[in-house]
Amino acid sequence: MSGPRLRREETRALAEWQASVLESHDDRFEAATELVRRLGGHWRGDHAEFGFWTPDIDGDVELELLTPTDDVDPGDPDGTARFDRAVVETVREGEFTWAAVEGVRPGTREELGTLYQLVYEHEGERETVTDPLAASLPFGAFAPPELYDLDRLDAERPDRDYFQSLGTDEERVPTSEDDGLPRIEPATSMVEIHPGTATESGSLAGLAREFERLAEKRRDGDALTPAEANLAGYDAVQLMPVEPITEHDEQSYWSPVDRSADELVVELANPDMVNWGYDIVISGFSTVNPAILESGRPDELVDFIAACHDQPDPVKVVFDIALGHADNGALELLTDEYFSGPGMYGQDLDYTHPVVRAVLLEMQRRKMDFGADGIRVDGAQDFTNWDPERGEWHDDAFLAEMDAVTQEVAGREYRPWMIYEDGRPWPREDWELASTYRTLIEQHPHAFQWSPITFAHNTPALLTFWATKWWRVTEVAEFGQNWITGVANHDTVRRGTQRAVPESWEDGDPINPYLGDSPRETLARAYDNPATNALIHGVLPGVPMDFLNANFRAPWGFVRDTDPAWNVKVVADEHNLVEWQVTESRFHDERFFTRIQALGFDDRDELATFVHALANAVEATDYDLEQMATMLAALDPPLGEGEPTAADLEAFALAWMRDVAEFANLDHWRDAQDPERTAFDRSIREFRQARPWLRHDLSEAETFEYRHPTDGAVIYYGHRIGPDEELLFVANMEGIATEVVPTELADVGAEGWEVALTSLDEQPVADEPVTLENAEMVIFSR
């Protein structure tokens, strides 16, 4: 292959096309919407096109192209690599920069492609500009992006027939017609998965293999292991965000060591950031976080989606799209035009800027074109703007534009299942009382929102949770058919571990004492027990969603080693995780807490004492690391040499984050799965799958109530009527053992009822007394 060379005619044509687009539109956003389709790097078969929005550059700018001369394995790149370096001219037209180049190579599944970035000189210093719309970032968001052959990726995906069948008589998943295009219908139930902790490899490839095994066993009629059963009984998966994320100052995966006119020598490292996914930098949003790519290739996301679609009953894939904020790391990567100022989660984005608005929507479109069936918009209440006349206002028009974005995969255009997380008027003080969780459903009747019992603040380990939340549970029953329901997700489980564990487990403190005999058992059963699962999957409307870590009854916490400013604060917020999840035996298990032990912590109690003191020091000093270190010196913690320093606290925080992420990896908990429990949980989910009519709101002929007075136990009961079946449900949601007669509670006739599901050892009779312990349930059918 000859070296890179600018194709002047094609480059000039790009600039002329841009000028014609701007001239043909009076509205800048409309023009930008058309222009952004050609921004980024695109392989055109025999050459590449590159387009950048460069509003803040004056003067000449060149395109630097880096093609590996060594055989670099993107999945294991550690070591020194050499790149042929070439610099070509560009053509600038107003705020945009273009280049059409031959002699470059696109990345594929098998081979690392040419890397690229803009370079220019400013005040004597070399400056670079990355591509916010990059298709591949094998060395992270702060390294040059890779030219990638996305057309090949689409042409070779194994689930092309799945997409081509949408809207036809042969479609494998149901769709409805929406403005001339098929819209994928909602799932019956869904499980949320964190890719970084779901498998031993912590990769999308590992998840794909998991689902491939699941499909093979189901087709062959083989029994599933208890761990595999935790994935069965769903027809949708919601992935936590898979976008490129911010990085810690000490994390360097791309370190140039020598640059000449025609060669660049780089020290490479495998991206290994630990993060729950939401600390994104916006730049590179359209591609995949390399820390969850075993091969370093974005193909893994397609492989995972195809494995889900290849199940005997296809499983839809929902992407969690977090475009409501940017981590502060984005300031290094994007122009100032992207930001409206500091916000609660880093930087607020400027949705009023027409080009920024168009770029964000284009990022969404390209990401979803990996083959997602649905989109969950994270924190939709955070999409706000501000001006002097109106103050802060919700940009519902932008949320509507997100809803209007269509996908095209395997030549088939379609609309995805749309889900919003929106708790407005959060964070207003009365938000929990004032939020309807229906604002966007009312604007887009096909859309779904997270329900009031699913939002982050729900903590079912608290005593009286099911009594005090009754008004919200009733709302789910009455008008929840377009809600995502369930109490276990990445936020609620994390909030549970942040609660203080009572000093005396028997003293009747706010934690529900009936759930378990230890903090660990109590927390596990709060999010996964027969009564709750039967309520969510067997009775209530909407689409139930579970969290895979909760299904495994495995640890979970707020994991992120990417924020040097706030890592210590996050650890302090999570200090109660030690009380909930870390027993002495778990602490000394050779698989866990190796980094913290290497710092010198010898036992679990020493760790607990330190992290609790750390939390107190944060509050006492208003998070002044130097003052905190001085205060904590009184404990004589095993940090560094001599008295602890701020740097020691930061080192501890990094060790904690990585150890907790390892602790939460589900591969460690596979052999601990109880066969009876996982089989019963699966049977409840399959019960829901067999009765899709349960998704719809209760009719006037149906009932859902709780027993008055509670008298020591919160007893929920309900009567649901389907096309050819009636269901009678009763459960002890929390409290002492209680005797009830199900048919009398629900005031239904006694004839014909048979047990459909029960957690009781003996088969109950519908019109006879039944004793229900805490979290026990029964569903009858006739």
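The structure presented is a predicted model; accordingly, all values stated were derived computationally and were not measured.

Observations regarding the overall build of the protein chain
Then, number 1: Per the secondary structure count, the protein chain includes 27 helices and 34 strands.
Then, number 2: By the compact-globule yardstick of 28 Å for 782 residues, the protein chain fits well, its C-alpha radius of gyration being 27 Å.
Then, number 3: C-alpha extents for the protein chain along the principal axes are approximately 85 × 70 × 60 Å.
Then, number 4: By the burial criterion, 63% of the 782 residues in the protein chain qualify as buried.
Then, number 5: Sequence separation of at least 24 residues holds for 73% of the intrachain contacts in the protein chain that already meet a minimum separation of 6.
Then, number 6: On the protein chain, roughly 29900 Å² of surface is accessible, and the fraction owed to carbon and sulfur atoms is 44%.
Then, number 7: On the protein chain, the mean spot of the 63 positive side-chain charges and the mean spot of the 158 negative ones are 4 Å from each other.

Overview of the sheet that holds strand S15 (residues 263-268)
Then, number 1: With antiparallel pairing, six strands are arranged side by side in an open sheet as S9-S8-S4-S5-S15-S14. Both outer strands of the open sheet, strand S9 (125-129) and strand S14 (254-259), are each paired with one neighbouring strand and no more. Sheet twist, expressed as the mean angle between neighbouring strand axes with direction ignored, is 35°.
Then, number 2: Across five bridges, strand S4 (residues 62-68) lies against strand S8 (residues 115-122) in antiparallel orientation. Note on S8: the bridge partner recorded for Glu64 is Gln117.

As for the pairing of strand S24 (residues 417-420)
Then, number 1: Of the two faces of S24, both are covered, the one formed by Trp417 and Ile419 as well as the one formed by Met418 and Tyr420.
Then, number 2: Where strand S19 (residues 374-377) and S24 come together, four bridges link them in parallel fashion. Within S24, the residue paired with Arg376 across the bridge is Ile419.
Then, number 3: Pairing of S24 with strand S25 (residues 448-450) involves two bridges; the strand directions are parallel. Pairing of Tyr420 across the sheet is with Gln449, part of S25.

Details of the packing of aromatic side chains
Then, number 1: Applying the stated criterion to the full structure yields 36 aromatic pairs.
Then, number 2: A ring pair is formed by Trp276 and Phe558, whose centres lie 4.3 Å apart and whose planes are at 50°; its orientation type is tilted. Of the two residues, Trp276 is situated in the loop between S15 and helix H8 (299-309) and Phe558 in the loop between helix H18 (548-551) and helix H19 (567-573); the sequence distance between them amounts to 282 residues.
Then, number 3: Residue classification places Phe558 among the buried residues on the basis of a relative accessible area of 12%.

Considerations on the packing of helix H23 (residues 604-621) against helix H25 (residues 646-664)
Then, number 1: Remark: H23 packs on H25, axes separated minimally by 13 Å, with the N-to-C direction vectors making an angle of 120°. Between H23 and H25, the crossing angle belongs to the class labelled oblique. Considering how the two elements wind past one another, H23 and H25 form a crossing that is left-handed. For the pair H23 and H25, the contacting residues are Leu607, Phe610, Val611 and Leu614 in the first and Leu649, Phe652 and Trp656 in the second.
Then, number 2: Classifying every residue of the contact of H23 with H25 gives seven nonpolar, no polar and no charged.

Topic: the pattern of salt bridges
Any two side chains of opposite charge can pair, so long as their charged atoms come close to each other.
Then, number 1: Per the stated rule, a full pass over the model turns up 63 salt bridges.
Then, number 2: A salt bridge links Arg82 to Glu263, with the shortest nitrogen-to-oxygen separation between them at 3.2 Å. With a gap of 181 residues between them, Arg82 in strand S5 (residues 79-88) and Glu263 in strand S15 connect regions that are remote in the sequence.
Then, number 3: Using a relative accessible area of 37% as the deciding quantity, one classes Arg82 as partly exposed.
Then, number 4: A salt bridge links Glu228 to Lys217, with the shortest nitrogen-to-oxygen separation between them at 2.9 Å. Highlighted residues: Glu228 in helix H7 (residues 226-229) and Lys217 in helix H6 (residues 204-220), separated in sequence by eleven residues.
Then, number 5: Taking the relative accessible area as the measure of exposure, Glu228 reaches 7% and is therefore buried.

A few points about the sheet that holds strand S28 (residues 703-706)
Then, number 1: Strand order in this open sheet of five strands is S28-S29-S30-S34-S32, and the pairing throughout is antiparallel. Edge strands, defined here as strands with exactly one partner in the open sheet, are S28 and strand S32 (754-758). Taken pair by pair, the neighbouring strands of this sheet meet at an average axis angle of 15°, ignoring direction.
Then, number 2: Across four bridges, the pairing between S32 and strand S34 (residues 777-781) is antiparallel.

Focus: a negative patch on the surface
Then, number 1: A surface patch of negative charge is lined by Asp70, Asp71, Asp73, Asp76, Asp78 and Glu267.
Then, number 2: Note that Asp78 resides in the loop between S4 and S5.
Then, number 3: Given a relative accessible area of 53%, Asp78 falls into the exposed group.

Observations concerning the pairing of strand S21 (residues 391-394)
Then, number 1: Bridge count for strand S20 (residues 384-387) against S21 is four bridges, and the pairing is antiparallel. In the strand pairing of S21, Thr384 is matched with His394.
Then, number 2: As consecutive antiparallel partners, S20 and S21 are separated by three residues.

As for unusual backbone geometry
Residues other than glycine predominantly adopt negative phi, and peptide bonds predominantly adopt the trans conformation.
Then, number 1: For the peptide bond that leads from Trp426 to Pro427, omega is 10°, which places it in the cis range.
Then, number 2: By the secondary structure assignment, Pro427 is in the loop between S24 and helix H11 (431-434).

Notes on the side chain of Asp422
Then, number 1: For Asp422, the location among the structural elements is in the loop between S24 and H11.
Then, number 2: Looking at Asp422, the relative accessible area reads 1%, which means it is buried.
Then, number 3: Polar side-chain contacts of Asp422 include one of 2.9 Å to the side chain of Arg424.
Then, number 4: Those residues in contact with Asp422, other than ones at most four positions away along the chain, are Ala380, Gln381, Ser435, Tyr437, Leu440, Gln449 and Phe455.

What about helix H16 (residues 519-527)?
Then, number 1: Buried within H16 we find Thr522, Leu523, Ala524, Arg525, Ala526 and Tyr527.
Then, number 2: Lining the buried residues of H16 we find helix H15 (490-498), helix H17 (530-538), H18 and helix H20 (577-581).

With respect to the packing of H23 against helix H24 (residues 625-632)
Then, number 1: Orientation of H23 relative to H24, taken along the N-to-C sense of each, is 135°, at an axis distance of 9 Å. If you check the angle between H23 and H24, you find them oblique. Crossing geometry of H23 relative to H24 is assigned as right-handed. In contact with Phe610, Ala613, Leu614, Ala617, Val618, Ala620 and Thr621 of H23, H24 contributes Gln627, Met628, Met631 and Leu632.
Then, number 2: Classifying every residue of the contact of H23 with H24 by side-chain character gives nine nonpolar, two polar and no charged.

Concerning the environment of Thr678
Then, number 1: Among the secondary structure elements, Thr678 is positioned in helix H26 (residues 675-689).
Then, number 2: As for Thr678 and Ala500, which are separated by 178 residues in sequence, their C-alpha atoms are 29 Å apart.
Then, number 3: The residues contacting Thr678, other than those within four sequence positions of it, are Pro226, Ala229, Asn230 and Gln673.
Then, number 4: A polar contact is formed between the side chain of Thr678 and the backbone oxygen of Pro675, at a distance of 3.3 Å.

A look at the side chain of Asp279
Then, number 1: Assignment of secondary structure puts Asp279 in the loop between S15 and H8.
Then, number 2: A distance of 2.9 Å separates polar atoms of two side chains, one belonging to Asp279 and the other to Asn275.
Then, number 3: Setting aside anything within four residues of it in sequence, one finds Asp279 in contact with Ile245, Thr246, Asp327, Arg560 and Thr562.

Here is what the cut-offs are and how they apply
- Residues numbered from 1 in each chain as written.
- Predicted model: local features only at pLDDT ≥ 70, side-chain atom pairs only at ≥ 80, totals over all residues.
- Heavy atoms only, no water.
- Helix = DSSP H or I, 4+ residues; strand = E, 2+ residues; numbered from the N terminus.
- Rg over C-alpha atoms; globule rule 2.2 N^0.38 Å.
- Buried < 20%, exposed > 50% of the residue type's maximum accessible area, 1.4 Å probe, protein only.
- Contact = heavy atoms within 4.5 Å.
- Areas by Shrake-Rupley, 256 points an atom, 1.4 Å probe, with all protein chains shown as cover.
- Lys, Arg positive; Asp, Glu negative; His and termini not counted.
- Charge placed at Lys NZ, Arg CZ, Asp CG, Glu CD.
- Pairing = 2+ DSSP bridges.
- Axes fitted to C-alpha atoms, helices over the stretch in contact; angles between N-to-C directions.
- Phe/Tyr/Trp six-rings, centres within 6.5 Å; stacked < 30°, edge-to-face > 60°.
- Parallel < 35°, antiparallel > 145°, perpendicular 65-115°, else oblique.
- Left-handed = near helix turned anticlockwise from the far one by under 90°.
- Nonpolar A, V, L, I, M, F, W, Y, C, P; charged D, E, K, R; others polar.
- Salt bridge = Lys/Arg side-chain N within 4 Å of Asp/Glu carboxyl O.
- Patch = residues over 30% accessible without salt bridge, like charges linked within 9 Å, V, L, I, M, F, W, Y side chains within 5 Å.
- Polar contact = N/O pair within 3.5 Å; in protein donor to acceptor, adjacent residues only side chain to side chain.

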